[in-house]
Amino acid sequence: MPGMASVELHNLGKTYPGGTRAVDSCTLSIEDGEFVVLVGPSGCGKSSLLRMIAGLEEVTDGTIDIDGTRVNRVPPKHRDIAMVFQNYALYPHMTARRNMEFGLKLRKVPRAERRSRIERVAEQLGIAELLDRRPGAMSGGQQQRVALGRAIVREPKVFLFDEPLSNLDAKLRTQMRAELKTLHRRVGTTSVYVTHDQEEAMTLGDRVVVMRDGRIQQCGAPMDVYGRPANRFVAGFIGAPTMNFIDGRIEFGDGRSRFVSDALEIDAEGPEGSATIGIRPEHLILDPDGPLELMVDVSEPLGDAVDVIGTCGASRLVARLRRIEPPRPGDRLRLGIEPDTMHLFDADGTSIGS
Ligand SMILES: Nc1ncnc2c1ncn2[C@@H]1O[C@H](COP(=O)(O)OP(=O)(O)OP(=O)(O)O)[C@@H](O)[C@H]1O
Ligand SMILES: [Mg+2]
């Protein structure tokens with residue numbers, strides 16, 4: 001069995017020469033066998049964080065423990081970690097088999113053991129018939145499988161993935177995503193996976209860690225992050241189409257607390273002052289008595305639903321509606337909000353309820 005390990009980050013920080021603060025005070029406990037996905041926009045520090053865990057980047061401040069051992073000063077080759085990158089980084093002059101064998105030889109794994117591990121992993125990944133080919137004679141998806149295989153045969157304590165699927169076409173990406181998940185279920189190795197694709201994060205992760213500007217914004221099970229985003233940034237980043245935001249104010253009067261804007265007036269509890277309401281497109285419904293009136297600009301039929309894009313006061317809204325003919329530009333639609341799906345954010349963007 002491969003080794004397994006927990007990964008503990010405490011107040012981890014990275015400042016590059018030149019002063020960029022790429023990672024700032026990141027604290028995260030990854031359990032043995034967990035599959036954690038780091039997600040966030042380009043430049044938010046995902047790769048920097050991952051590379052510090054791998055030992056490819058020096059830690060500026062804070063600590064990393066793997067399997068209970070402080071590894072800040074442990075060189076990469078002694079961390080028992082395997083990393084898979086976006087560009088497969090296979091050796092072009094070696095066959096798939098040699099590529100997979102290389103790391104095992106370095107670690108002095110006996111020949112028979114090398115053979116059997118490679119055969120087994122190649123079988124799992126469906127690349128058995130490619131073992132004698134060189135990377136130049138393989139498709140992108142096949143090369144990425146070999147790169148995965150090379151990491152898996154090592155049987156490391158931890159897998160680190162940095163956008164390993166982003167060079168593949170959409171169909172292959174979805175397929176490989178499912179295979180990675182199955183593989184993890186079977187092997188159970190602690191995994192940290194970086195992507196900027198929120199859908200990939202949601203479908204792959206036991207837990208999703210949303211980052212922005214080097215900081216962890218929220219960490220939780222995919223449906224928690226979707227259902228209870230900690231702030232407006234997370235709310236807007238997770239979910240597609242993006243959550244609708246309507247800016248307005250909370251006002252008290254007649255013994256009630258109301259959210260008031262040019263688009264929407266509705267009961268909402270919160271401190272008096274500026275506030276933003278968030279509604280996901282899939283939570284808007286056709287409702288003749290609803291509180292919103294959408295002036296339609298565009299309809300995008302999806303087959304099982306229609307994304308209707310339009311304006312409501314000063315806000316631009318998207319509604320994902322089911323069982324309707326696509327509305328025409330200029331149509332006015334009365335929309336309601338499904339019960340208990342509204343999010344409320346204060347002036348700083350912090351969630352103050354839903
Ligand atoms: N070697 C480096 N030297 C200086 N600055 C760097 C270096 N590597 C990354 N940075 C900076 O650190 C910040 C975080 O970069 P990082 O590569 O970790 O982001 P990322 O989240 O992986 O982005 P992407 O999704 O584009 O891969 C960026 O501002 C980037 O320009
Ligand atoms: Mg990156």
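Remember, predicted model here, so these are calculated numbers, not experimental data.

Draft legend 1. Quick look at the packing of helix 2 (residues 96-106) against helix 3 (residues 111-125). Here helix 2 crosses helix 3 at 135 degrees, and the two axes come no closer than 10 Å. Considering their axes alone, helix 2 and helix 3 lie oblique with respect to each other. Handedness of the helix 2/helix 3 crossing: right-handed. Here Arg97, Met100, Glu101, Leu104 and Lys105 of helix 2 lie close against helix 3, whose contacting residues are Arg114, Arg115, Arg117, Ile118, Glu119, Val121 and Ala122.

Draft legend 2. Expanded view of the sheet that holds strand 17 (residues 306-312). With antiparallel pairing, 5 strands are arranged side by side in an open sheet as 15-19-16-17-18. One side of each edge strand has no neighbouring strand; the edge strands of this open sheet are strand 15 (284-286) and strand 18 (315-321). Going from strand to strand, the sheet's axes swing by 50 degrees on average, the running direction of each strand aside. Looking at chain direction, strand 17 and strand 18 are connected through 7 bridges and run antiparallel. Across the sheet, the residue bridging to Thr311 is Arg316, located in strand 18.

Draft legend 3. Highlighting the pattern of salt bridges. Applying the stated criterion across every chain yields a total of 28 salt bridges. With its nearest N and O atoms 2.9 Å apart, the salt bridge here joins Asp24 to Arg21. Looking at Asp24, the relative accessible area reads 17%, which means it is buried. Assessed through its relative accessible area of 31%, Arg21 is described here as partly exposed. A salt bridge links Asp297 to Arg316, with the nearest nitrogen and oxygen atoms 3.1 Å apart. In this pair, Asp297 sits in strand 16 (residues 292-301) while Arg316 sits in strand 18, placing the two residues 19 residues apart along the sequence.

Draft legend 4. Looking closely at the packing of helix 2 against helix 4 (residues 140-153). The geometry of helix 2 relative to helix 4 is characterised by a closest axis approach of 8 Å and an angle of 30 degrees between their N-to-C directions. Taken together, the axes of helix 2 and helix 4 lie roughly parallel to each other. Between helix 2 and helix 4 the crossing geometry is right-handed. Residues Ala96, Asn99, Met100 and Leu104 of helix 2 form the contact with helix 4, whose participating residues are Val146, Gly149, Arg150 and Val153.

Draft legend 5. Expanded view of the site of ligand 1. Every residue close to ligand 1 is listed here: Tyr16, Thr20, Ala22, Pro41, Ser42, Gly43, Cys44, Gly45, Lys46, Ser47, Ser48 and Glu163. Between Tyr16 and ligand 1, the recorded distance is 3.4 Å, taken from a side-chain N or O atom to a nitrogen atom. Measuring from an oxygen atom of ligand 1, one finds a side-chain N or O atom of Lys46 at 2.8 Å. For ligand 1, whose free accessible area comes to 640 Å², the fraction covered by protein is 59%.

Draft legend 6. Geometry of the sheet that holds strand 4 (residues 61-66). Ordered in space as 2-1-4-5, the 4 strands form an open sheet in which the pairing is antiparallel. Strands with a single pairing partner mark the edges of an open sheet, and in this sheet they are strand 2 (21-30) and strand 5 (69-70). Across the sheet, helix 1 (residues 46-54) touches strand 1 (7-15), strand 2 and strand 4, and the angle it forms with strand 1 is around 120 degrees.

Draft legend 7. The packing of aromatic side chains, seen in detail. The tally for this structure, following the rule as stated, stands at 7 aromatic pairs. Considering the side-chain rings of Phe233 and Phe237, the 5.8 Å spacing of their centres and the 20 degrees angle between planes classify their relative orientation as stacked. One end of the pair is Phe233 and the other is Phe237, both in helix 8 (residues 232-237) and 4 residues apart, which spans about a single turn. An identical accessibility class is assigned to Phe233 and Phe237; each is buried. Among the aromatic residues, those joined into a cluster by ring pairs are Phe35, Phe159, Phe161 and Tyr193. The ring of Phe245 is capped by Arg232, whose NZ or CZ atom sits 4.4 Å from the centre of that ring.

Reading guide: rules and limits
Every residue gets a number counted from 1 within its own chain, in the order that chain's sequence is written. Chain labels run from A onward and ligand labels from 1 onward, assigned in the order the entries are written. Reporting in this predicted model follows two pLDDT cut-offs: at least 70 for local features of residues, and 80 or more for side-chain atom pairs to be given and counted; totals over whole chains, interfaces and linings ignore these cut-offs and use all residues. The side-chain quantities take in all heavy atoms of the structure and omit both hydrogens and water. Here, axes are lines fitted to C-alpha atoms. For helices the fit covers the stretch in contact, and angles between N-to-C directions go from 0 to 180 degrees. Numbering of helices and strands runs from the N terminus, with a helix taken as a DSSP run of H or I at least four residues long and a strand as a DSSP run of E at least two residues long. In what follows, roughly perpendicular refers to angles from 65 to 115 degrees, roughly parallel to angles under 35, roughly antiparallel to angles over 145, and oblique to any angle outside these ranges. Crossings are assigned a handedness: left-handed for a near helix turned anticlockwise from the far helix by less than a right angle, right-handed for a clockwise turn. Here a residue-residue contact requires only that any non-hydrogen atoms of the pair lie within 4.5 Å. Any two strands with at least two DSSP-identified bridges between them are counted as paired. Salt bridges are defined as contacts in which a side-chain nitrogen from Lys or Arg sits within 4 Å of a carboxyl oxygen from Asp or Glu. Residue burial is assigned from relative accessible area. The probe radius is 1.4 Å, only protein chains are included, and a residue is buried under 20% of its type maximum, exposed over 50%, and partly exposed in between. Throughout, the term near means that a residue has one or more heavy atoms lying within 4 Å of the molecule or strand in question. Polar contacts, as used here, are pairs of N or O atoms within 3.5 Å; protein pairs need one atom able to donate a hydrogen and one able to accept it. Residues neighboring in sequence count only if both atoms are side-chain atoms. Note on areas: Shrake-Rupley, 1.4 Å probe, and residue coverage restricted to the protein chains presented here. Think of it this way: a Phe, Tyr or Trp ring, Trp meaning its six-membered ring, pairs with another when their centres are within 6.5 Å, and the plane angle makes it stacked under 30 degrees, edge-to-face over 60, tilted otherwise. When the NZ atom of lysine or the CZ atom of arginine is within 6 Å of a ring's centre and also within 35 degrees of its normal, the charge is said to sit over that ring.

None of this, on its own, says anything about what the molecule does.
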